[in-house]
Amino acid sequence: MSVLVFAENADGKFKKSIFEVVSYAKAIAAQNNTSLIAISIGDVAEDDLAGLGKFGADKILNVSADKLKTFVNQAYASVIAEAAKREGANIVILSNSFSGRGLAPRIGVKLGAGVADGAVSLPDQTSGKFIVKKTAFSGKAFAAVELTSENKVIALTPNSYQVVESGANAPVESFVAEAKESDFKIMVKDIVRATDKVSLPDAEIVVSAGRGLKGPENWGMIEELADLLGAATACSKPVSDAGWRPHSEHVGQTGIAVSPNLYIAIGISGAIQHLAGISSSKVIVVINKDPEAPFFKVADYGIAGDAFEVVPKLIEAVKQY
Ligand code: FAD
C-alpha cells in the first residue's frame, strides 16, 4: 500500500496549491505508515519535479507524452488510475481545483474507490474508520463522510492545509502509460489566457465588490487595491449579470468557489448564495455602509462605512506599508 498524489502544473510550473496538496498527502502517508508517490503529467523541469521531495514525496513519476501536454480529463484519469494500480496505491490525492474536481470521480470509477472532494482537513482514522471532513451544499455546510472502500480518492480544498517543507529532493522516474484512443474524444486544442492577472481560484487574496459600487466606472479603486495586494478581483452575481465585470469574476453558488487567506468584500450584502462561494476563506473583511448587512455576521473584521471613502484610505494605508 502507498499514497499517490497528482501534482498538476500550469504551463510547466507547480502552483503553491500543489505543495500544499503534496504536504497533505505526506501527512496521510505518515498516518498510514507508508510512502508517498507523486505523479506529474506534462512538461515540468526535472529540478522542479525532484523538488516535490522537499514537500514529502518519496518518488516522482513523470509522464511526458505529446498527447498529454494539455489537460485531457479522461486520459489523465486513466494515467493516474494506472499509476495507482501499478504502484499499489490505495489512496489517491488531488487538489480540488477545476481539473481535480473533474478527475476525482473518473479516477474513483476506474479504481472502484470512494471519493471525497472538497476535503478541508486530514482524515480521522482514530477509530479504525476513514472519515473525511468536506464542504457540502456548495460550501454552505461541512459534512463528515466515511470512505468504506479499500481504494479512496480525496480532493483537497486549496488553502485548507499548511505547506510543510522539510525533506530533500526525491528521485524522478519516467512513467509510460498506455492511453486509449477513446480517452481522447475531447481534446483541448488551445488555451488562451483572458488576463495576466492573478487567477481567481488560486488567489491567496481576493478583493471583491458588489452592487454597492454603483457602476463599472468605479472599479478603478478595486483594481488598484487588488494590484497593491497582489490579489485577484471578484464580484457578486448581479455585477457580472449587469456586464459591469466579466462572468469569470462571479463568486458564489452559481459562480466560482474561492478559498483565499483573505477575502475583502466591498459593497456586497452577503446573500447566502454569495457566501456559498467564499465560506472557506480564512479571513473575511467586509466594507459596507449598512451596519446591518448580513455579510458582517460572517466577517472577521468589518468596516461600516462608505466604500468611496474607506477604499481610497485603505489604498493610501497599503501604499505607506
Ligand atoms: P445588493 O444585494 O444590492 O447589495 C449591495 C450592498 O452594497 C448592500 O449591502 C449595501 O448596503 C451596500 N452598499 C451600497 N452602497 C454602498 C457604499 N457606497 N459603500 C459600501 N457599501 C454600499 N449572488 C452572488 O453573488 N453569487 C452567486 O453565485 C449567486 N447565485 C444565485 C443563485 C440563485 C438561484 C439566486 C436566486 C440568487 C443568486 N445570487 C448570487 C444573488 C444573491 O441572492 C444576491 O442578490 C446578490 O449576491 C446581491 O449582490 P450584491 O450584494 O452585490 O448587491
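Residues numbered from 1 in each chain as written. Predicted model: local features only at pLDDT ≥ 70, side-chain atom pairs only at ≥ 80, totals over all residues. Heavy atoms only, no water.

The name an unreviewed UniProt entry assigns to the protein chain is Electron transfer flavoprotein alpha subunit, from the organism Mucilaginibacter paludis DSM 18603. According to UniProt, the comment filed for the protein chain under the heading Sequence similarities (unreviewed entry) is "Belongs to the ETF alpha-subunit/FixB family." (UniProt positions renumbered as here; feature names shortened; annotations may be inferred.)

Trainee: Can you tell me about the side chain of Ser236, naming the residues and giving the values?
Mentor: Mapped onto the elements, Ser236 comes out in the loop between strand E13 (232–235) and helix H6 (237–241). Residue classification places Ser236 among the buried residues on the basis of a relative accessible area of 8%. (Helix = DSSP H or I, 4+ residues; strand = E, 2+ residues; numbered from the N terminus. Buried < 20%, exposed > 50% of the residue type's maximum accessible area, 1.4 Å probe, protein only.)

Trainee: Talk me through the UniProt feature "binding site: FAD" (unreviewed entry) in the protein chain; I want residue IDs and the actual numbers.
Mentor: In the numbering adopted here, UniProt assigns the feature "binding site: FAD" (unreviewed entry) to Arg211, Gly267, Ile268, Ser269, Gly270, Ala271, Ile272, Gln273, His274 and Asn288. Looking at the element boundaries, Ser269 is found in the loop between strand E14 (262–266) and helix H7 (272–275). Given a relative accessible area of 42%, Ser269 falls into the partly exposed group. Dropping the residues within four chain positions of it, Ser269 is found in contact with Asn288, Ala293, Pro294 and Phe295. In this structure, Gln273 sits in helix H7. Among residues more than four places away in sequence, those in contact with Gln273 are Gly252 and Gln253. (Contact = heavy atoms within 4.5 Å.)

Trainee: Help me get a handle on the UniProt feature "domain: Electron transfer flavoprotein alpha/beta-subunit N-terminal" (unreviewed entry) in the protein chain, residues and values and all.
Mentor: As annotated in UniProt, the feature "domain: Electron transfer flavoprotein alpha/beta-subunit N-terminal" (unreviewed entry) corresponds to residues 3–188 in the numbering used here. Between the end C-alpha atoms of residues 3–188 the distance is 29 Å, and the span holds 27% helix and 28% strand.

Trainee: Report on the environment of Ser149, specifying residues and quantitative values.
Mentor: Looking at the element boundaries, Ser149 is found in the loop between strand E9 (141–146) and strand E10 (152–156). Ser149 sits 29 residues away from Val120 along the chain, and the two C-alpha atoms are 20 Å apart. Setting aside its immediate chain neighbours within four residues, Ser149 contacts Gly112, Ala113 and Gly114. Within the local environment of Ser149, its side chain forms a polar contact with the backbone oxygen of Asn151, the two atoms lying 2.6 Å apart. (Polar contact = N/O pair within 3.5 Å; in protein donor to acceptor, adjacent residues only side chain to side chain.)

Trainee: If you had to explain unusual backbone geometry to someone new, which residues and values would you point to?
Mentor: You will see that Asn33, though not glycine, has its phi angle at about 55°, which is positive. Note that Asn33 resides in the loop between helix H1 (16–31) and strand E4 (36–41).

Trainee: Describe the site of the ligand, naming the residues involved and giving the relevant values.
Mentor: Near the ligand you find 26 residues, and of these Arg211, Ser236, Ser269, Gln273 and Asn288 are the closest. Note that an oxygen atom of the ligand is positioned 2.8 Å from one of the side-chain N or O atoms of His274. Between the ligand and Lys289, the relevant distance is 3.2 Å, taken from a nitrogen atom to a main-chain nitrogen or oxygen of the residue. Surface burial for the ligand is 75%, taken as the share of its 990 Å² of free accessible area covered by protein chains. Of all the elements in the fold, those that place two or more residues in the shell around the ligand are H6, H7 and helix H8 (307–320). In terms of residue class, the shell around the ligand is made up of 6 nonpolar, 14 polar and 6 charged. (Near = heavy atom within 4 Å. Areas by Shrake-Rupley, 256 points an atom, 1.4 Å probe, with all protein chains shown as cover. Nonpolar A, V, L, I, M, F, W, Y, C, P; charged D, E, K, R; others polar.)

Trainee: Give a detailed account of the environment of His247, specifying residues and quantitative values.
Mentor: By secondary structure assignment, the location of His247 is in the loop between H6 and E14. Relative accessible area serves as the criterion here: at 52%, His247 is assigned to the exposed category. Excluding anything up to four places from it in sequence, His247 contacts Ser240 and Asp241. Reaching out from His247, the side chain makes a polar contact with the side chain of Ser240 at a distance of 3.4 Å.

Trainee: Now, about the packing of aromatic side chains: what can you tell me, with residues and values included?
Mentor: Summed over the entire model, instances satisfying the criterion amount to 6 aromatic pairs. Between Tyr24 and Tyr161, the aromatic rings sit 5.4 Å apart at their centres with planes inclined by 75°, giving edge-to-face as the arrangement. With Tyr24 in helix H1 and Tyr161 in the loop between E10 and strand E11 (172–174), this pair connects stretches of sequence that are 137 residues apart. When the centroid spacing of 5.0 Å and the interplanar angle of 75° are considered together, the rings of Phe71 and Tyr76 count as edge-to-face. By relative accessible area, Phe71 is classed as partly exposed at 23%. Taking relative accessible area as the criterion, Tyr76 reaches 5% and is therefore assigned buried. Counting every residue linked through ring pairs, the aromatic cluster contains Phe6, Phe71 and Tyr76. In this structure, Lys152 packs its charged tip against the face of Phe130, placed 5.1 Å from the ring centre. (Phe/Tyr/Trp six-rings, centres within 6.5 Å; stacked < 30°, edge-to-face > 60°. Lys NZ or Arg CZ within 6 Å of the ring centre and 35° of its normal.)

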